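# Coordinates in review
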Amino acid sequence: MNTPAPPNGRRPGKLALAINPAASFGRLPNAGDQAAAFFRAAGTDVVVLQDVSSEALRRRVNQAVTAGIDALVVVGGDGMVNLAVNALAGTDVPLGIVPAGTGNDVARSLELPLDDIAAACRTVLDALDAGGRRIDLARATSACGTAYFAGVLSAGFDAAVNERANSWRWPRGRNRYNLAMIRELASFRPIDYLVTADGRQWRQRAMLMSVANGQSIGGGMRITPEAAPDDGELDLFVVKPLSRLAFLAVFPKVFTGRHTGHPAVGIQRAKRVRLEAAGVSAYADGERIAELPVEVEVVPGGLRVLA
């Protein structure tokens, strides 16, 4: 691995590097060690945060943020980004991402380098020098409390697929999600939702509902291709009931964003969305949040990212 000389004028800062304890990193073995070596070679004071479980790592990350760091960088996928987002919400500590997970959808929305540890680390350091950029966060409130996310909250078919895919260790990446979708589709039934968006309420029968701050789920499925993480709004994505054959016909178009013209697909902008439905779980950035009802509101400029 090539390591850079410290850029002119860089002041060594204290960087906490959090590494997913459950990751095998697939095509990127030893991603965490490579990232740590890269940052140290660039003259940065790196504190590596690892633990035996996600919950233990969450505690260590929270402690590091409280103690004082110049930046938090995560090595992993959307789950690690979600852990970091909830530690950093309400602070000015910036987040850097070294994508090394299964989906990496938040990294995609930020146009970060994928499958290239050195390029991702270089992006972090360059952005740290420049000060980073502000993006929106989404705040989800439910009976389980408050949680933040940077990408997409799903409640419906896509959440059920996520739950099934999370229970599998193989295959990795997009294929895992695709296979889980086919298995879930065999028994899935449309859901009756009560939706409230910016004060307007209606009932909606649908296959799924998503509230998006980012563009994609499932490793590149561009469900809301026009969504921007810094526009101060959320995108409410709806797929109305479809037959299995019709769903499978429109599904491939989601990877290019061409599905948005289908009459069963709807997208609208809102600043606050409440979803209610019986027996439906919500997932945000691939992590289970709670059963509905869940209320989501945008937090403009709520996170500084090194991108």
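Before reading on, note that the structure itself is shown above.
The text that follows walks through the structure, step by step, so that each part is easy to find. These numbers come from a predicted model, not from an experiment.

Quick look at the sheet that holds strand β14 (residues 281-284) now. Strand order in this open sheet of six strands is β12-β11-β10-β7-β14-β15, and the pairing throughout is antiparallel. In the strand order of this sheet, the two ends are held by β12 (265-270) and β15 (287-291), each with one partner. Shown here is a sheet whose adjacent strand axes are inclined to one another by a mean of 20°, direction ignored. Where strand β11 (residues 234-239) meets β12, six bridges bridge the pair, whose relative direction is antiparallel. Across the sheet, the residue bridging to L234 is A270, located in β12. In this fold helix α6 (residues 157-166) packs onto β7 (152-156), β10 (208-212), β14 and β15, with an angle of close to 100° to the strand it touches most, β7.

Attention now goes to the packing of aromatic side chains. Centre distance and the angle of the planes are the two values used to describe a pair of aromatic rings. Taken as a whole, this structure holds five aromatic pairs when the rule is applied. Of the aromatic side chains, those joined through ring pairs into one cluster are F157, F188, F247, F251 and F255. Lying over the aromatic face of W202, R200 brings its terminal NZ or CZ to 4.2 Å of the ring centre.

Bringing the pairing of strand β3 (residues 71-76) into the picture now. Burial runs high along β3: six of the six residues are buried. With burial as the criterion, each face of β3 is covered, one bearing A71, V73 and V75 and the other bearing L72, V74 and G76. In this sheet, β3 lies alongside strand β1 (residues 14-19) in parallel orientation, the contact comprising five bridges. For A16, the partnering residue across the bridge sits in β3 and is L72. Across five bridges, β3 lies against strand β4 (residues 95-99) in parallel orientation. Across the sheet, the residue bridging to G76 is P99, located in β4. In this region the chain leaves β3, passes through helix α3 (residues 78-88) and returns to the parallel neighbour β4; the handedness of that crossover is right-handed.

Calculation rules
- Residues numbered from 1 in each chain as written.
- Predicted model: local features only at pLDDT ≥ 70, side-chain atom pairs only at ≥ 80, totals over all residues.
- Heavy atoms only, no water.
- Pairing = 2+ DSSP bridges.
- Helix = DSSP H or I, 4+ residues; strand = E, 2+ residues; numbered from the N terminus.
- Axes fitted to C-alpha atoms, helices over the stretch in contact; angles between N-to-C directions.
- Contact = heavy atoms within 4.5 Å.
- Phe/Tyr/Trp six-rings, centres within 6.5 Å; stacked < 30°, edge-to-face > 60°.
- Lys NZ or Arg CZ within 6 Å of the ring centre and 35° of its normal.
- Buried < 20%, exposed > 50% of the residue type's maximum accessible area, 1.4 Å probe, protein only.
- Right-handed = clockwise from strand over helix to strand, strands pointing away.

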